Amino acid sequence: RYEPTWGSLDARPLPAWFDEAKFGVFIHWGVFSVPSFGSEWFWWYWQKEKREPYVKFMDANYPPGFSYEDFGPLFTAEFFDPNQWADILKASGAKYVVLTSKHHEGFTLWGSKYSWNWNAVDVGPKRDLVAELATSVRNRTDLHFGLYHSLFEWFNPLFLEDATNAFNTSKFPTSKSLPELYEIVTKYQPEIIWSDGDGNAPDTYWNSTGFLAWLYNDSPVRDTVVTNDRWGAGSICAHGGFYTCSDRYNPGRLLPHKWENCMTIDRGSWGYRRDARLRDYLPIEDLVKQLVETVSCGGNLLMNIGPTHDGRIAVVFEERLRQVGSWLEVNGEAIYGTKPWRAQNDTVTPGVWYTFTPKDGKVNAIFLNWPVSGILELGEPQAKPGETQVKLAGYKELLKWVALGEKGMVIALPQLTPQQMPCQWGWTLQLTDVD
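Only a predicted model underlies this, so the values are computations on that prediction, with no experimental measurement involved.

Caption draft 1: Spotlight on the pattern of salt bridges. Evaluated as defined, the whole model comprises 26 salt bridges. Across the pair Glu180 and Lys102 runs a salt bridge, and its minimum N-O distance is 2.8 Å. Of this pair, Glu180 sits in helix α8 (residues 171–188) while Lys102 sits in strand β2 (residues 96–102), and the two are 78 residues apart along the sequence. The pair formed by Glu180 and Lys102 is uniform in burial state, with each residue classed as buried. Between Glu161 and Lys171 there is a salt bridge, with the nearest N and O atoms lying 2.6 Å from each other. Residue Glu161 is found in helix α7 (residues 157–164), and its partner Lys171 is found in helix α8; the two are separated by 10 residues along the sequence. Salt bridges sharing common partners tie together Asp19, Lys22, Lys258 and Lys339.

Printed below as a string of structure tokens:
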């Protein structure tokens with residue numbers, strides 16, 4: 001059994017499914033999806049920081065005295081079709097999904113007993129959005145279902161009172177945050193708890209280790225659940241399950257601890273925003289590059305989308321997810337279930353990243369630029385004449401190659417028209433019998 005100490009909890013092995021999954025989709029959805037302007041931090045920027053664009057937006061579009069709470073009934077979700085969402089998630093090639101059950105605004109997407117009249121069952125959709133998505137994902141896909149949960153809430157009077165007391169009182173975690181965590185685990189049995197928002201309070205204030213000990217010992221998901229590292233000030237990148245270290249974290253090198261790169265398709269926001277321009281959305285080439293770099297260095301990629309207040313996944317997000325899925329249909333063997341190789345990227349040709357498939361001993365060289373010459377030089381693999389074979393994923397014939405001294409090889413790529421290419425945006429060479 002795990003003790004409620006970091007020493008004990010950090011010794012828990014991460015359930016194997018998470019490292020094998022490699023790719024997940026993050027969904028930021030909540031009352032912030034109603035103004036859908038600027039950022040999911042809308043309430044904070046408007047009310048607390050009084051940032052000019054937010055104040056002007058409210059003055060121009062809403063009556064005097066309009067409060068953030070007044071957005072609640074406008075969060076309607078009338079087009080929310082959880083089966084359609086599940087089908088898009090499946091088509092993306094993702095192996096897990098993480099939904100914001102509650103962001104820093106405190107609004108819960110389920111009918112929480114601890115969030116009276118500020119939840120999706122009492123206000124707005126009048127639906128349990130968490131339950132509906134969980135059911136569809138489990139019925140229609142093989143994705144693992146996870147939940148994001150914010151520990152703190154910007155303007156909750158109990159949290160503000162505890163903060164004023166330098167967190168020597170703990171009214172908020174005992175009456176709100178912790179009961180919610182127990183509630184979502186018991187009710188929805190998520191296989192990921194993605195914690196966030198420590199409000200600058202230490203993990204002792206949140207009793208994070210107490211909750212995690214219960215989660216790992218006695219909860220209905222104790223054998224399969226994975227957690228991140230955001231459990232109180234100072235725990236990020238140091239304690240918990242996998243490390244996130246920062247948003248959009250991509251170290252570009254191998255790390256000794258399992259990590260995740262959570263990033264957004266919209267460069268400027270996690271939530272949906274109506275003021276986004278096309279240039280604000282990362283193109284598919286960049287998304288494939290992020291996925292390949294992250295997996296090569298031992299991480300998972302958690303790619304974020306923000307649905308609209310009425311429950312739609314905007315077509316630009318759907319297109320990007322389906323594009324990633326089509327790429328993974330061809331190159332998935334170089335991603336899922338792989339381990340980092342001895343070299344992460346190539347020493348001679350930039351834009352080549354390596355992974356290793358343990359089950360058949362293949363080294364995968366994923367290259368992001370197709371060379372004009374049709375010749376690809378790799379500086380890292382040590383080929384064995386007469387034994388090493390080179391295959392292009394999605395193409396039938398074996399490729400010709402020559403070794404370069406003790407290390408490195410030159411590979412002749414097939415001459416293909418764009419229509420004959422097995423895929424776009426990145427290609428995988430599968431090398432067998434190389435050192």
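Having seen the structure, we can now continue with the description.
Caption draft 2: Spatial organisation of the sheet that holds strand β10 (residues 375–378). Read across the open sheet, the three strands follow the order β10-β13-β12; overall the sheet is antiparallel. Looking at strand neighbours, the two that pair on one side only are β10 and β12 (401–403), the edges of this open sheet. Ignoring strand direction, the axes of neighbouring strands in this sheet form an average angle of 15°. Of the strand pairs in this sheet, β12 and strand β13 (residues 409–412) are connected by three bridges, and their pairing is antiparallel. Bridge pairing in β13 links Val402 to Val410.

Caption draft 3: Summary view of the packing of aromatic side chains. In the structure shown here, the tally under the stated rule is 55 aromatic pairs. Seen in terms of ring centroids, Tyr2 and Tyr216 are 5.9 Å apart; in terms of plane orientation they differ by 75°. Their pairing is edge-to-face. A residue pair is termed long-range when its members are at least 10 positions apart, and Tyr2 in the segment before α1 (6–9) and Tyr216 in helix α10 (residues 208–217) qualify at 214 residues. Geometrically, the ring pair formed by Phe172 and Trp206 is edge-to-face, given 6.1 Å between the ring centres and 80° between the ring planes. Linking Phe172 in helix α8 with Trp206 in helix α9 (residues 203–206), this pair joins segments that are 34 residues apart in sequence. Judged by its relative accessible area of 0%, Phe172 falls in the buried class.

Cut-offs and rules
- Counting restarts for each chain: residues are numbered from 1 in the order of the written sequence.
- Side-chain atom pairs in this predicted model are given and counted only at pLDDT of 80 or more, local residue features only at pLDDT of at least 70, and totals for whole chains, interfaces and linings cover all residues.
- Think of the side-chain values as coming from all heavy atoms in the structure, minus any hydrogens and water.
- Here, a salt bridge means any side-chain nitrogen of Lys or Arg that lies within 4 Å of a carboxyl oxygen of Asp or Glu.
- Helix numbers and strand numbers start at the N terminus; a helix is a DSSP run of H or I with at least 4 residues, a strand a run of E with at least 2.
- For each residue, the accessible area found with a 1.4 Å probe, counting protein chains only, is set against the maximum for its type, and the residue is called buried under 20%, exposed over 50%, and partly exposed in between.
- What makes two strands pair is DSSP finding at least two bridges between them.
- Note on definitions: angles span 0 to 180 degrees between N-to-C directions of axes, and those axes are lines fitted to C-alpha atoms, for helices only across the stretch in contact.
- Two rings belonging to Phe, Tyr or Trp (six-membered ring only in the last case) form a pair when the distance between their centres is within 6.5 Å. Interplanar angles under 30 degrees mark stacking, angles over 60 mark edge-to-face geometry, and anything in between is tilted.

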